[in-house]
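Chain by chain, the residues:
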Amino acid sequence: MAAPGRVAAFRLPPLPTIGEIIKLFRLKAQRQLSQNFLLDLRLTDKIVKQAGELKNAHVCEVGPGPGGITRSILSAGVEQLLLIEKDARFIPGLQMLSEAAPGKVRIVHGDILTYKMEKAFPKHLKKDWEDEPPDIHIIGNLPFSVSTPLIIKWLENVSKKDGPFSYGRTQMTLTFQKEVGERLTANPGGKQRSRLSIMAQHLCTVENCFVIPGQAFVPKPEVDVAVVHFTPLVQPKIQQPFELVEKVVRSVFQFRRKYCFRGLETLFPESGRLKRTEQLMMTANVDPTLRPFQLSMSQFRSLCNTYRKMCDEDPSLFVFNYREELKQKKRTRNLLRSTNQLEKTEEEED
């Protein structure tokens, strides 16, 4: 019995184990969807603990599968839990959990990449961006195949303050391949420093919480798994549009092992490329002989700010696509080759 004046903690009634749920509904992880089940509730509790205080919070769990993390979230005393599951095979097992927690669980059979997150939570939960994060959390043991495109999508949402971040600085606790987790948190000079490092760290505080060994999952993946926590920053470290930052950062890391000058060249058309690249690096005060992974956040900020000024002066710069230029050159070469071959054939016939 709860003490007078205190609300009793929520407890799930006795339920089949996750292993029993898997057998009951004949669930099998599909390798082509990179599915891996986490059966150890001590580990699911540990993941959920990284999200912070969840009592009376609103939580969206991405890809709950057989519901291991789901149970840990419900046991944390959340107010509402939204489950978004793409694989219809898991819905009956999740409905069993929903019935065990009346009024707390809403199940959506859909794809998180297309689901409209800006309508996922009650409007009264919204907070100003400068305030503390809202009482909203995103938690998920993500399939490896979707984790990187999904976090890039959500980082763009952070930049634009839309989607799940239309409510304020919504926090995320997500799993990734260990190597991806290391990229997300890598410092300048680190071997894992990458495009993902800059895109995540310029918009969020990113914490690599702990690593789960691969053998804890069923089936066992070939890699270990990192649990990563994200809190959007009040002010991004690079105050430029997401598309511009991503274009500059992607260009820099296009030739990871070469000097950063080589990647930055791809921002400019062939005509005037060398001169404009020199102008960019000189104005941004960045050493052209640094490797991409050696550049600091402030150097990326300076490059993005300078590139923005160059685009403002010449709007055609931002729409320039280096790969399209290469394709066009290849088409032109092939056309010339075909024309020369045709002329040679006609000469032989004459």
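Just so it is clear, the model here is predicted, and its values are computed rather than measured.

What counts, and at which threshold
- Residues numbered from 1 in each chain as written.
- Predicted model: local features only at pLDDT ≥ 70, side-chain atom pairs only at ≥ 80, totals over all residues.
- Heavy atoms only, no water.
- Helix = DSSP H or I, 4+ residues; strand = E, 2+ residues; numbered from the N terminus.
- Buried < 20%, exposed > 50% of the residue type's maximum accessible area, 1.4 Å probe, protein only.
- Areas by Shrake-Rupley, 256 points an atom, 1.4 Å probe, with all protein chains shown as cover.
- Lys, Arg positive; Asp, Glu negative; His and termini not counted.
- Charge placed at Lys NZ, Arg CZ, Asp CG, Glu CD.
- Salt bridge = Lys/Arg side-chain N within 4 Å of Asp/Glu carboxyl O.
- Disulfide = S-S within 2.5 Å.
- Pairing = 2+ DSSP bridges.
- UniProt positions renumbered as here; feature names shortened; annotations may be inferred.
- Contact = heavy atoms within 4.5 Å.
- Axes fitted to C-alpha atoms, helices over the stretch in contact; angles between N-to-C directions.
- Domains from an automatic or database assignment.
- Buried area = accessible area lost by both parts, 1.4 Å probe.
- Polar contact = N/O pair within 3.5 Å; in protein donor to acceptor, adjacent residues only side chain to side chain.
- Nonpolar A, V, L, I, M, F, W, Y, C, P; charged D, E, K, R; others polar.

## Some points on the overall build of the protein chain
The helix and strand tally for the protein chain stands at 13 helices and 9 strands. Principal axes of the C-alpha set define a box for the protein chain whose edges measure 95 × 55 × 35 Å. Put simply, the protein chain has 350 residues, and 48% of those count as buried. Counting every atom, the protein chain has about 18400 Å² of accessible surface; 50% of that belongs to carbon and sulfur. For the protein chain, the separation between the mean place of its 52 positive charges and that of its 40 negative charges on side chains is 5 Å.

## Considerations on the pattern of salt bridges
Within this structure, the stated rule accounts for 14 salt bridges. Ionic pairing is found between K160 and E243, a salt bridge with its closest N-O pair at 2.7 Å. Taken together, the residues K160 in helix α5 (residues 144–160) and E243 in helix α8 (residues 242–252) connect sequence positions 83 residues apart. Taking the relative accessible area as the measure of exposure, K160 reaches 40% and is therefore partly exposed.

## With respect to the state of the cysteines
A complete count under the given rule lists 0 disulfides for this structure. C60 forms no disulfide, and the closest cysteine sulfur to it belongs to C204, at a distance of 16 Å. The exposure class assigned to C60 is buried, which follows from its relative accessible area of 0%. Left unpaired, C304 is separated from the closest cysteine sulfur, that of C311, by 10 Å. Residue class for C304 comes out buried when judged on its relative accessible area of 0%.

## Topic: the pairing of strand β9 (residues 225–232)
A large share of β9 lies buried, amounting to 8 of its 8 residues. Here β9 shows a buried face lined by V225, V227, H229 and T231 and a second buried face lined by A226, V228, F230 and P232. Bridge count between strand β6 (residues 171–177) and β9: 6 bridges; the pairing is antiparallel. When the sheet's bridge partners are listed, L174 is paired in β9 with V228. Examined bridge by bridge, strand β7 (residues 204–212) and β9 share 8 bridges and lie antiparallel to one another.

## Some thoughts on the side chain of S147
Here S147 is to be found in helix α5. Classification of S147 by relative accessible area gives buried; the value is 1%.

## Overview of the UniProt feature "domain: Ribosomal RNA adenine methylase transferase N-terminal" (unreviewed entry) in the protein chain
As annotated in UniProt, the feature "domain: Ribosomal RNA adenine methylase transferase N-terminal" (unreviewed entry) corresponds to residues 43–234 in the numbering used here. Annotated as 30% helix and 24% strand, the span residues 43–234 places its first and last C-alpha atoms 31 Å apart.

## Quick notes on the UniProt feature "binding site: S-adenosyl-L-methionine" (unreviewed entry) in the protein chain
Feature annotation in UniProt places "binding site: S-adenosyl-L-methionine" (unreviewed entry) on N36, L38, G63, E85, D111 and N141, given in this structure's numbering. For L38, a relative accessible area of 6% translates into the label buried. Non-local contacts of L38, meaning those with residues more than four positions away in its chain, are made with L43, T44, I47, G68, I212, A216 and F217. Summarising the element assignment, G63 is placed in the loop between β2 (58–62) and α3 (68–75). Residues within four places of G63 in sequence aside, it is in contact with I84, E85 and N141.

## Let's talk about the side chain of S98
By the secondary structure assignment, S98 is in helix α4 (residues 91–100). Overall, the relative accessible area of 19% leaves S98 in the buried class. Residues in contact with S98, not counting those within four places in the same chain, are V105 and I107.

## Digging into α4
Helical geometry note: an α-helix holds 3.6 residues per turn, so side chains three or four residues apart project in the same direction. Residues of α4 that are buried include every one of I91, G93, L94, L97, S98 and A100, and no others. Its buried side turned inward, α4 meets α3, β3 (80–85) and β4 (105–109).

## Re the sheet that holds β4
The mixed open sheet is built from 7 strands, whose spatial order is β4-β3-β2-β5-β6-β9-β7. Of all the strands in the sheet, just β4 and β7 have a single pairing partner and so form its edges. Neighbouring strand axes in the sheet, compared pairwise and without regard to direction, differ in orientation by 20° on average. Sitting on the sheet, α4 touches β3 and β4, and the angle it makes with β4 is about 165°.

## Remarks on unusual backbone geometry
Generally, phi is negative for residues other than glycine and the peptide bonds are trans, each holding for most cases. For N56, which is not a glycine, the phi torsion comes out positive at approximately 65°. Checked against the element boundaries, N56 lands in the loop between α2 (41–49) and β2. Even without a glycine there, the phi angle at K161 is positive, about 55°. Within the element layout of this structure, K161 appears in the loop between α5 and β6.

## Considering the domain arrangement of the protein chain
Split by domain assignment, the protein chain resolves into domain 1 (18–232) and domain 2 (242–319). Of note, the centres of domain 1 and domain 2, computed from C-alpha atoms alone, are 34 Å apart. Across the boundary between the two partners, domain 1 contributes 18 residues, which contact 14 residues of domain 2. Summed over both partners, the interface of domain 1 with domain 2 buries about 1300 Å², with 69% contributed by carbon and sulfur atoms. Scanning the region where domain 1 abuts domain 2 turns up 2 salt bridges. R195 is paired through a salt bridge with E246; the nearest N and O atoms lie 2.8 Å apart. In this structure, the connection of domain 1 to domain 2 is made through 5 residue pairs in polar contact (both at pLDDT 80 or more). Among the elements that take part in the side of domain 1 that touches domain 2, α5 stands out by supplying 5 residues, more than any other. Along the lines of polarity and charge, the residues of the side of domain 1 that touches domain 2 split into 6 nonpolar, 7 polar and 5 charged.

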